[in-house]
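Listed below are the residues making up each chain.
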Amino acid sequence: MDSTSGDDAGSFHSHLNDSLGADELQPAAVSDEAMGRGKRKKRLAPKLRQDVLPDGQAPLPPLRQSPTPEVDETGPRSFLQIRQNLRLVFTDIVHTTVNTFGVSRAYYGRPTCIPDEYMTVGEQAMPLVAGQRHQPRSLRATLWPYPNISAWRLGSWFWGGGDTKSKAGFKDLVKSVLLSPDFNVRELSDIRWDDIDEMLAKDAGNQPYGGEGWKETAITISIPTGVKKKASDARAANSGATSHMMEIPGLWHRSIVALIRSVFCDDPAAQHLHFNPFKQYWEGPGSTKQRVRDELFNSNAWIREHEAIQHGPRDPGDLAPRCIAALMFWSDATHLAQFGQAKLWPIYLYFGNQSKWLRCKPSAHACHHVAYLPGVCATLCSWAGLMY
Amino acid sequence: MDVRATDALMTHCRREIYHAALTTILDNEFVTAWTSGILMECYDGVTRRIFPRIFTWSADYPEK
């Protein structure tokens, strides 16, 4: 990390001198003003000040064009079977050219893409465009469970307008429902409002549209009763155990596989996912080549695992490139209110395939909810209190 | 009568809930994906076989 940040600062002045380091970019030391009452120094407005911003990842130069077509990352590694239990595997190590910072990458096998190639500082620093994340939904999915737009307009006025009748609500009814050009009274003729309200009240998991596959499951835990198992004890003999099984409802969770699929296939953030691990090197003027580790996808663990899955058994004809979805779980109980006991116990998931510079942006929507764990509920507490 | 569970019991229950929940979340579908990968057409149009691997688990001890 250190080697990159020092390096990054240098890029700004790379047109002057490549050997400029971070230390030389510090502003000049305060001179006479600090000693006494000096002249007030006019400070430039921030817009005009030439500030050296820390630079993110440099755009990578394109891969060297090789005259012979290299073996693509697709497909299994070629190998030489030396003995029955000894196999020599050949892996192409593809080196990228050195960028302005003196950083180069060594990929294991030609990568299908380099996501941060040509990525500018602006793209790294700016928030992602709002609304980019979600695919546009169809009109029918948006209106569900209302069958048409007239019913939806009336329904959303009814549920969204507050509990009491008001003049503002009346005007809103006239303006946004009755006078809207797509409102047609005829469409309201045979609508079963009670059924629609019932569907609205149900959770999103059962919806035909939307819903992210959340399920509620009751889990069973065993609680020791502390009663020793005795042969004479009829109750213990019947149950054969000294623990009490207790069902705890309220574990909300969703399929991790479905989540991976939705992010990797449909999320626009997937265009910046790294699928191929690499080793990153920095070579400054007059210094030896050093390894730069700054992301999950240039760690040794990833490279090792990536190679391991390449050598796994394959079905005949299965030539799809094999990649890792790096799951980074995170969990912490959260208090919802300043006062009181309202708590949530969520499990979140980040993908290590995404660069940390993107992952840290709230606008990237990189954090995915996987589960909400149930707390030790009140019934259990009271039951346990009575038992012991 | 206000009867409260002991701290030791609550610790036990929280730990049991955590492990039972993880057993539910990391289900058979996930284990199958772990061993044989999931074939999917990614956003860039390339069909890849994706193997989920857990790299980090940053959580506090819920039983405490």
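Now for a look at the structure at hand.

Parameters at a glance
Residues numbered from 1 in each chain as written. Chains lettered and ligands numbered in written order. Predicted model: local features only at pLDDT ≥ 70, side-chain atom pairs only at ≥ 80, totals over all residues. Heavy atoms only, no water. Pairing = 2+ DSSP bridges. Helix = DSSP H or I, 4+ residues; strand = E, 2+ residues; numbered from the N terminus. Axes fitted to C-alpha atoms, helices over the stretch in contact; angles between N-to-C directions. Contact = heavy atoms within 4.5 Å. Buried area = accessible area lost by both parts, 1.4 Å probe. Salt bridge = Lys/Arg side-chain N within 4 Å of Asp/Glu carboxyl O. Polar contact = N/O pair within 3.5 Å; in protein donor to acceptor, adjacent residues only side chain to side chain. Nonpolar A, V, L, I, M, F, W, Y, C, P; charged D, E, K, R; others polar. Buried < 20%, exposed > 50% of the residue type's maximum accessible area, 1.4 Å probe, protein only. Phe/Tyr/Trp six-rings, centres within 6.5 Å; stacked < 30°, edge-to-face > 60°. Lys NZ or Arg CZ within 6 Å of the ring centre and 35° of its normal. Core = buried A, V, L, I, M, F, W, Y, C linked by side-chain atoms within 4.5 Å.

**Quick word on the sheet that holds strand β3 (residues 93-95) of chain A**
All names here are of chain A.
Phase 1 of the analysis: As summarised here, the arrangement of the 4 strands in space is β3-β4-β7-β8, forming an open sheet in which the pairing is antiparallel. At either end of the open sheet lies a strand with only one pairing partner, and these are β3 and β8 (290-292). Pairwise comparison of adjacent strand axes, ignoring direction, gives a mean angle of 35° for this sheet.
Phase 2 of the analysis: Alignment of strand β4 (residues 103-108) against strand β7 (residues 278-282), held across 5 bridges, turns out to be antiparallel. Residue pairing for β7: S104 is matched across the bridge by Y281.
Phase 3 of the analysis: Seen against the sheet, helix α9 (residues 300-310) touches β4, β7 and β8 and runs at an angle of roughly 145° to β7.

**Describing the interface of chain A and chain B**
Phase 1 of the analysis: Contact residues are listed per partner, giving 58 residues for chain A and 43 residues for chain B.
Phase 2 of the analysis: Area buried by chain A at its contact with chain B is led by A:V257, A:F329 and A:W345, which between them contribute 13% of it.
Phase 3 of the analysis: Taken together, the connections running from chain A to chain B amount to 2 salt bridges.
Phase 4 of the analysis: For A:D318, the salt bridge goes to B:R49, with nearest N and O atoms at 3.1 Å.
Phase 5 of the analysis: Counting every contact that joins chain A to chain B gives 17 residue pairs in polar contact (both at pLDDT 80 or more).
Phase 6 of the analysis: Breaking the side of chain A that touches chain B down by element, the ones donating at least two residues are β5 (215-224), β6 (243-253), α8 (256-266), α9, β9 (322-331), β13 (368-372) and α11 (378-387) of chain A.
Phase 7 of the analysis: Of the residues contributing to the side of chain A that touches chain B, the split by class is 41 nonpolar, 10 polar and 7 charged.
Phase 8 of the analysis: Two elements, β9(A) and strand β2 (residues 47-59) of chain B, share 10 bridges in a ladder whose sense is parallel. Paired with A:S331 across the strands is B:A59, a residue of β2(B).

**A closer look at the pairing of strand β12 (residues 346-351) of chain A**
Residues and elements named next belong to chain A.
Phase 1 of the analysis: Of all the 6 residues making up β12, 5 are buried; the element is thus mostly covered by neighbouring parts of the structure.
Phase 2 of the analysis: One ladder, built from 5 bridges, connects β9 with β12; its direction is antiparallel. For L327, the partnering residue across the bridge sits in β12 and is F351.
Phase 3 of the analysis: As judged from the 4 bridges shared by β12 and β13, these two strands associate in the antiparallel manner. Its bridge partner lying in β13, I347 is registered against A371.

**A few points about the pattern of salt bridges**
Phase 1 of the analysis: In total, this model carries 8 salt bridges over all chains according to the counting rule given.
Phase 2 of the analysis: Ionic pairing is found between B:R48 and B:D44, a salt bridge with its closest N-O pair at 3.1 Å.
Phase 3 of the analysis: Take B:R48: its relative accessible area is 0%, and that puts it in the buried class.
Phase 4 of the analysis: Here the residues in one salt-bridge network are A:D318, A:R322 and B:R49, joined through shared partners.

**A word on the environment of A:T288**
All names here are of chain A.
Phase 1 of the analysis: Tracing the backbone through its elements, the reader meets T288 in the loop between β7 and β8.
Phase 2 of the analysis: T288 sits in the exposed class, given a relative accessible area of 60%.
Phase 3 of the analysis: When neighbours within four sequence positions are excluded, T288 is seen to be in contact with W282 and E283.

**Some words on the packing of aromatic side chains**
The description of an aromatic ring pair uses the distance of the two centres, along with the angle that the planes make with each other.
Phase 1 of the analysis: Applying the stated rule across the entire model yields 13 aromatic pairs over all chains.
Phase 2 of the analysis: Both rings, one in A:W214 and one in A:Y372, keep their centres 5.8 Å apart while their planes meet at 40°; by these two values the pair is tilted. Within this pair, whereas A:W214 is found in the loop between α6 (193-201) and β5, its partner A:Y372 is found in strand β13, the two being separated by 158 residues in sequence.
Phase 3 of the analysis: Ring geometry for A:F264 against A:F351: centres 5.4 Å apart, planes inclined by 70°, an arrangement best described as edge-to-face. Placement of the pair is A:F264 in helix α8 and A:F351 in strand β12, with a sequence separation of 87 residues. As far as the burial class goes, A:F264 and A:F351 line up, both buried.
Phase 4 of the analysis: Ring-pair connections join several aromatic residues into one group, and the members of that group are A:Y107, A:F278, A:F297, A:W302 and B:F55.
Phase 5 of the analysis: Positioned above the aromatic ring of A:Y281 is the side chain of A:K289, whose terminal nitrogen or guanidinium carbon lies 5.0 Å from the ring centre.

**Notes on the nonpolar core**
Soluble globular proteins: nonpolar side chains tend toward being buried together.
Phase 1 of the analysis: Formed by 43 residues in total, the largest nonpolar core has its most connected members in A:I256, A:I260, A:F264, A:V370, A:L373 and B:I50.
Phase 2 of the analysis: At 9 residues, helix α1 (residues 7-25) of chain B tops the list of elements feeding residues into this core.
Phase 3 of the analysis: With near-sequence residues (within four places) excluded, B:I50 lies in contact with A:I260, A:F264, A:F275, A:C323, A:I324, A:A325, B:A33, B:G37, B:I38, B:M40 and B:C42.
Phase 4 of the analysis: In terms of nonpolar packing, the next biggest core, distinct from the first, is built from 12 residues, A:V94, A:I309, A:A326 and A:M328 among them.

Geometric descriptors of this kind do not, in isolation, establish any biological role.
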